[in-house]
Amino acid sequence: MAFPVDLRRCQILGLAGTAFLAAGGETAGALPVRDLLHPASAGAALGLVAVYFGLVLLIAAWALLGRLVRGPRPPAPRALLLVLAVWATPLLLAPPLFSRDVYSYLAQGAMVDAHMDVYAHGPSQLGGPLAGEVAPLWRHTGAPYGPVFLAVAAALSALTSGELPAGLFGMRLVALAGVALMAAALPRLARHSGADPSAALWLGALNPLVLLHLVAGAHNDAVMLGLLGVGLVAALGRWPILGAVLVTLAALVKAPAALGLAAVVVLQVRAGRSMAKALVTTAVAAAGTTVAATAAAGTGYGWIGALNTPVSPQNWALTTLLGRATRALLEHLGSDLAPLAIPAWHTLGVVTAGVAIVLIWRRLRPRPLYALGLSLAAVAALGPAIRPWYALWGLFLIAAAAPSTSVRHRMAAVTGVLALCVLPGGGPADTGQLVLAVSGGALAVVVLWQAHQAELAPALGHTA
């Protein structure tokens, strides 16, 4: 007998999940340095169990909501947006979760506000308590972000006078604005692609990675994807130049969004413009926007040379893992080429991604939104660095434009796995923390199973 599903049940279950996430984050999250607990302390342990208990509840709520969306009477997009708002509410005042990147954003904003070269120097140049909040790996590296995001971060720094609580809340509001733009764009993009808007919202906006990493983690990928989404919506309509401007602004937050300009060109050609005219208007709009935004931000063009900043020895990108294995083999053989192994694999990954993008566009040019989603997925998968939230680059557009439900099901499975891959503090896990995380998730599974059995009992008794 199937577990009974309704929208209110999904809403309450997901709300319970994010509430446990927020509560557990108070002791196990990416807290300010002065509030950090030792991982072995009782408070941190209990918080970690609570976070993973809530995480499994959230994933279950999302999966049940997916059943409802695929059912005979799917909820309307407006109802799903309300669910998203309810689920996100407990995370608004929670500490940062699953990453300390938001502290880097604040430090970089303070550097720009102080007229420091944020591309030539890391937050250590800023000094003071804010620089001390940045993860050690990034304290001495320049920012890889474009002038649009750094201008926002600088404005926030000036507005909050460098106060950490206000800055964290402000950066989360910026990320929420990006999520709101994503949610607003998805139904329109889905209708253009002949897809169900509710299914697109379920996969592209309500999935756990959005809540965990864009809302709770306040990652600037939310702003990039939000601007990219509304830019593509504009390009679908009568405003291709506005579309090119918005997509360029997205790329001036994070560079991968620049691939969206190819979709803007193709959409113009499909609307009846010549290829030459579409290329020229898009290029002029993009160049003008880049120059104007860079001049307004006052940061210069150093971000182009700093794009390799996210590469770290600890990251688990496919090319990095292959590079480490190759380096270990060469070191075992005594070869002098060992130090070149990881850079060589990174280069090969970038080249492979480029070839994949060309092949994708050659085959899927009539479906530019889907081609763009697959291209962004290729960049994330084959690039020199990967984080769980990078999966959202491609997933956002695949949710709106995938040609079949099987593609969405596979992407949903990937989402569920990636949601479990990072600890709430954002650091590497030791054996004890893994045991606590598994215990929290297992406890949630037991509770869900008991609730399922309790729901079935009256119906089975009535049948008997």
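This is a predicted model, so every value here is computed, not measured.

Visitor: So what exactly am I meant to see when it comes to the overall build of the chain here?
Guide: When you go through the chain residue by residue, the secondary structure sums to 19 helices and 0 strands. In terms of overall size, the chain behaves like a compact globule, its C-alpha atoms giving a radius of gyration of 23 Å where 464 residues would be expected to give roughly 23 Å. When the backbone C-alpha atoms are referred to their principal axes, the chain occupies close to 70 × 55 × 55 Å. Buried positions account for 53% of the 464 residues belonging to the chain. Looking at the chain alone, contacts between residues at least 24 apart form 74% of all its contacts between residues at least 6 apart. For the chain, the computed accessible surface area is about 19900 Å², with 69% contributed by carbon and sulfur atoms.

Visitor: What exactly am I supposed to notice about the packing of aromatic side chains here?
Guide: For any two aromatic rings, the description comes down to two numbers: the centre-to-centre distance and the angle of the planes. Per the counting criterion, the structure on display carries 7 aromatic pairs. Arranged with centres 4.4 Å apart and planes meeting at 10°, the rings of Trp 62 and Trp 202 form a pair that is stacked. Note that Trp 62 is positioned in helix H2 (residues 42-69) and Trp 202 in helix H8 (residues 197-204), a separation of 140 residues in sequence. Among the residues examined, Trp 62 registers a relative accessible area of 4% and is labelled buried. Pairing Trp 389 with Tyr 390 gives two aromatic rings, centres 6.2 Å apart and planes at 85°, and the pair type is edge-to-face. Classification of Tyr 390 as buried rests on a relative accessible area of 8%. Members of the aromatic cluster, joined through ring pairs, are Tyr 105, Tyr 145 and Phe 149. In this structure, Arg 70 packs its charged tip against the face of Trp 202, placed 5.9 Å from the ring centre.

Visitor: Looking at this model, I keep getting lost on the environment of Leu 64. Mind explaining?
Guide: Looking at the element boundaries, Leu 64 is found in helix H2. Sequence separation of Leu 64 and Ala 88 is 24 residues, and the distance between their C-alpha atoms is 17 Å.

Visitor: Looking at this model, I keep getting lost on the packing of H2 against helix H9 (residues 208-215). Mind explaining?
Guide: Two packed helices can be described by the angle between their axes and the distance between those axes. The N-to-C vectors of H2 and H9 enclose an angle of 135°; their axes lie 9 Å apart at closest approach. Between H2 and H9, the angle is such that the two are oblique. The segment H2 lies against H9, with Leu 55, Leu 58, Ile 59 and Trp 62 engaging Pro 208, Leu 211 and Leu 212. Across the contact of H2 with H9, the residue classes tally to 7 nonpolar, no polar and no charged.

Visitor: Is there a simple way to explain unusual backbone geometry in this structure?
Guide: Negative phi values dominate among residues other than glycine, just as trans dominates among peptide bonds. Of note, the phi angle at Phe 98 is positive, near 70°, even though the residue is not glycine. Structurally, the position occupied by Phe 98 is in the loop between helix H3 (77-88) and helix H4 (101-113).

Visitor: I would appreciate a short explanation of empty space enclosed by the protein in the present structure.
Guide: It is the rolling of a water-molecule-sized probe over the atoms that shows where space remains empty. A complete count under the given rule lists 1 cavity of 30 Å³ or more for this structure. For the lining of the largest cavity, the secondary structure elements donating two or more residues are helix H6 (147-160) and helix H7 (164-192). Broken down by element, the residue count for the lining of the largest cavity peaks at 3 residues, all from H6. Per-class residue counts for the lining of the largest cavity are 4 nonpolar, 4 polar and 1 charged.

Visitor: What am I meant to see in a nonpolar patch on the surface here?
Guide: Residues Leu 93, Phe 169 and Leu 173 make up a contiguous nonpolar surface patch of about 310 Å² in total accessible area. Looking at the element boundaries, Phe 169 is found in helix H7.

Visitor: Looking at this structure, how should I read helix H14 (residues 318-333)?
Guide: Along an α-helix, a turn takes 3.6 residues, which lines up residues three or four apart on a common side. With 16 residues, H14 extends 23 Å between its outermost C-alpha atoms, agreeing within 8% with the 22 Å of an ideal straight helix rising 1.5 Å per residue. Packing partners of the buried residues in H14 comprise helix H15 (341-364) and helix H16 (368-382). Directly beyond the C-terminal end of H14, a positive phi value near 80° is found at Gly 334.

Rules of the game
- Residues numbered from 1 in each chain as written.
- Predicted model: local features only at pLDDT ≥ 70, side-chain atom pairs only at ≥ 80, totals over all residues.
- Heavy atoms only, no water.
- Helix = DSSP H or I, 4+ residues; strand = E, 2+ residues; numbered from the N terminus.
- Rg over C-alpha atoms; globule rule 2.2 N^0.38 Å.
- Buried < 20%, exposed > 50% of the residue type's maximum accessible area, 1.4 Å probe, protein only.
- Contact = heavy atoms within 4.5 Å.
- Areas by Shrake-Rupley, 256 points an atom, 1.4 Å probe, with all protein chains shown as cover.
- Phe/Tyr/Trp six-rings, centres within 6.5 Å; stacked < 30°, edge-to-face > 60°.
- Lys NZ or Arg CZ within 6 Å of the ring centre and 35° of its normal.
- Axes fitted to C-alpha atoms, helices over the stretch in contact; angles between N-to-C directions.
- Parallel < 35°, antiparallel > 145°, perpendicular 65-115°, else oblique.
- Nonpolar A, V, L, I, M, F, W, Y, C, P; charged D, E, K, R; others polar.
- 1 Å grid on protein atoms, 1.4 Å probe; cavity = no way out; pocket = protein on both sides within 12 Å on 5 of 7 lines; lining within 4 Å.
- Points joined across faces, edges and corners; volume = space filled by probe spheres on them.
- Patch = residues over 30% accessible without salt bridge, like charges linked within 9 Å, V, L, I, M, F, W, Y side chains within 5 Å.
- Salt bridge = Lys/Arg side-chain N within 4 Å of Asp/Glu carboxyl O.
- Expected span 1.5 Å × (residues − 1).

Geometric values such as these leave the question of function open.
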